[in-house]
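# Fold and geometry: a report
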Amino acid sequence: MAGKQNLTPSERFAKLMNVIQLFAKLVGANVLDPNFRLNSLTAIMYILCFGFFSFNFYTIYVGVFIDNKYTIILQSLCIITVGVQGVTKHMSALLNAKLMSYICSELQNLYEEFECKQQSYIDLLNNNLVLVKRTIFVLFQVNFILTVAAFAIPIFYYLVLNEEIDIIKLMVPGVDPNTAKGNITYRIFHNDDITDIVYDCKWYDLSVSEQKMVLIMLRVSQNPPIMTIGDLMPLSMNTALQLTKSIYTIAMLLNEFVQ
């Protein structure tokens, strides 16, 4: 505890910046690093964003021109606007990488300069750091609560109301969720519990050849090939939820560490 209390404002500011850079690295936008360069994570982020927007616009097309459900426009636009905000912030950071790195460096120099003056300057610097940290922490908590709610609502509908709803309704080109085979593919795209999806489908309404295909799918789903994140973990909704929980835990630890 004594070590934490003896940290200078510049050292506390540097630790806070290290925490911010840790999260920035996860999305390929660590622009606070003077040596930052575009990397594979940056490319992956924009590939995922392109797919996200493409599927959303295809969902609107299917809803309006095929199903004549114009409410899908509002539903999809709500999701698209969130994506646009994220991409805009990401691109703004990349386009102003040098400026943001310069500002961070200048702030570090200011902390080092004014902490050498009288105690009142040190107190003001420390109070400013506390205010910034609390603001970041509140914003993080709000985002965490919204993320948990997004996953909890479909679970509530399924367990209590026995109704399946999608966290994000995204139509896949070439897949018709109204057919038995299309519904399986659609559910697999939105959910990684493939075995239960195949088992619960209306296989008895299919032809014999299609039933055999479902049987093969059921066998293969026992040990399915999956997309992974750098061979470390599967790329799925459950992984996203677990990652969110882990980030929250790490944030709590880092919060204590910065203090």
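Everything quoted here is computed from the prediction, not taken from an experiment. (Residues numbered from 1 in each chain as written. Predicted model: local features only at pLDDT ≥ 70, side-chain atom pairs only at ≥ 80, totals over all residues. Heavy atoms only, no water.)

### Section: the confidence of the model for the protein chain
Definition in use: What pLDDT expresses is the predictor's confidence in each residue, scored from 0 to 100. Where helices and strands are cited, they refer to DSSP runs of H or I of at least four residues and of E of at least two residues respectively, numbered from the N terminus.
Mean pLDDT over the protein chain stands at 77; residues scoring 70 or higher make up 67%. Across the protein chain, element-level confidence peaks in helix α5 (residues 97-114) with a mean pLDDT of 92 and bottoms out in helix α1 (residues 2-5) with 48.

### A word on helix α2 (residues 9-26)
Where we set the bar: A helix is expected to span 1.5 Å multiplied by its residue count minus one. Here's how the labels work: a residue is buried when its accessible area is under 20% of the maximum for its type, exposed when over 50%, partly exposed in between, all with a 1.4 Å probe on protein chains only.
Here α2 spans 27 Å end to end across 18 residues, near enough to the 26 Å set by a 1.5 Å rise per residue. When we look at burial in α2, the residues that qualify are Pro9, Ser10, Arg12, Phe13, Leu16, Met17, Val19, Gln21 and Ala24.

### Remarks on the side chain of Asn30
Convention followed: Here a polar contact is taken to be a pair of N or O atoms separated by no more than 3.5 Å, where protein atoms must pair a possible hydrogen donor with a possible acceptor and residues adjacent in sequence count only if both atoms sit in side chains. Two residues qualify as a contact provided that any one of their heavy atoms is within 4.5 Å of a heavy atom in the partner residue.
As for its placement among the helices and strands, Asn30 is situated in the loop between α2 and α3 (40-66). A residue is classified by how much of its surface remains accessible, and Asn30, at 7% relative accessible area, is buried. Reaching out from Asn30, the side chain makes a polar contact with the side chain of Gln21 at a distance of 3.3 Å. Dropping the residues within four chain positions of it, Asn30 is found in contact with Gln21, Ala24, Lys25 and Phe36.

### Regarding α3
Taking 1.5 Å of rise per residue, 27 residues should cover 39 Å, and α3 covers 38 Å from first to last C-alpha, within 8% of that figure. For α3, the complete set of buried residues consists of Thr42, Phe53, Asn56, Thr59, Ile60, Val62, Gly63 and Val64. Buried residues along α3 sit against α4 (71-95). Where α3 begins, the capping side chain belongs to Asn39, and its oxygen is found 3.0 Å from the backbone nitrogen of Leu41. Positive backbone phi, approximately 55°, marks Asn68, located one or two places after α3.

### Structural notes on the nonpolar core
In plain terms, the rule: Nonpolar cores were defined as sets of buried Ala, Val, Leu, Ile, Met, Phe, Trp, Tyr and Cys residues, with membership established by side-chain atoms within 4.5 Å.
Ranked by size, the top nonpolar core spans 8 residues in total: Phe13, Leu16, Met17, Leu32, Cys104, Tyr111, Leu125 and Leu129. When residues of this core are traced back to their parent elements, those giving at least two are α2, α5 and α6 (119-160). Looking at this core element by element, the count peaks at 3 residues for α2. The contact partners of Tyr111, leaving out residues within four places of it in the chain, are Pro9, Ser10, Phe13, Leu125, Asn128 and Leu129.

### Some words on the packing of α3 against α4
This is how the line gets drawn: Here an axis means a line fitted to C-alpha atoms, over the contact stretch when the element is a helix, while the angle between two N-to-C directions is reported on a 0 to 180 degree scale. By the definition adopted for this analysis, an angle is roughly parallel if under 35 degrees, roughly antiparallel if over 145, roughly perpendicular if from 65 to 115, and oblique otherwise. The hand of a helix crossing depends on one turn: near helix anticlockwise from the far one by less than a right angle means left-handed, and clockwise means right-handed.
Interhelical geometry of α3 versus α4 gives an angle of 160° and a closest axis separation of 10 Å. In terms of orientation, α3 and α4 fall into the roughly antiparallel class. Every pair of crossing elements has a handedness; the one defined by α3 and α4 is left-handed. On the side of α3, the interface is formed by Thr42, Met45, Tyr46, Cys49, Phe52, Phe53, Asn56, Phe57, Thr59, Ile60, Gly63 and Val64, while α4 contributes Ile72, Ile73, Ser76, Ile79, Ile80, Gly83, Val84, Val87, His90, Met91 and Leu94.

### Some words on the packing of α2 against α5
Remark: α2 packs on α5, axes separated minimally by 8 Å, with the N-to-C direction vectors making an angle of 155°. With respect to each other, α2 and α5 are oriented roughly antiparallel. You can see that α2 and α5 cross each other, and the crossing is right-handed. In contact with Pro9, Ser10, Phe13, Ala14 and Met17 of α2, α5 contributes Cys104, Leu107, Gln108, Tyr111 and Glu112.

### Some points on a nonpolar patch on the surface
Cut-off, in case you're wondering: Think of a patch as exposed residues, more than 30% relative accessible area, with no salt bridge, where like charges cluster within 9 Å and nonpolar side chains (Val, Leu, Ile, Met, Phe, Trp, Tyr) cluster within 5 Å. Shrake-Rupley sampling with a 1.4 Å probe provides the accessible areas, and residues are treated as covered by the protein chains on show and by no other component. For salt bridges, the criterion is a side-chain nitrogen of Lys or Arg within 4 Å of an Asp or Glu carboxyl oxygen.
A cluster of nonpolar side chains, Leu99, Tyr102, Ile103, Leu107 and Leu110, forms an exposed patch at the surface whose accessible area comes to about 460 Å². For Leu99, the location among the structural elements is in helix α5.

### Some points on the packing of aromatic side chains
The following threshold applies: Whether two aromatic rings pair depends on their centres lying within 6.5 Å, for rings of Phe, Tyr and Trp, where Trp uses its six-membered ring; planes under 30 degrees apart make the pair stacked, over 60 edge-to-face, and the rest tilted.
Per the stated rule, a full pass over the model turns up 6 aromatic pairs. When the centroid spacing of 5.4 Å and the interplanar angle of 70° are considered together, the rings of Phe52 and Phe53 count as edge-to-face. Since its relative accessible area comes to 19%, Phe53 is described here as buried. When the ring of Phe114 is compared with that of Tyr121, the centres are 5.6 Å apart and the planes differ by 25°; the resulting orientation is stacked. Through a chain of ring-to-ring contacts, three or more aromatic side chains come together here, namely Tyr58, Tyr61 and Phe65.

### Description of the environment of Leu95
Structurally, the position occupied by Leu95 is in helix α4. Taking the C-alpha atoms as reference, Leu95 lies 9.4 Å from Val31; in sequence the two are 64 residues apart.

### Some words on the side chain of Gln108
Following the sequence through the fold, Gln108 ends up in helix α5. Here Gln108 falls in the buried class, since its relative accessible area comes to 18%. A polar atom in the side chain of Gln108 sits 3.3 Å from the backbone oxygen of Ser10. Excluding anything up to four places from it in sequence, Gln108 contacts Ser10, Phe13 and Ala14.

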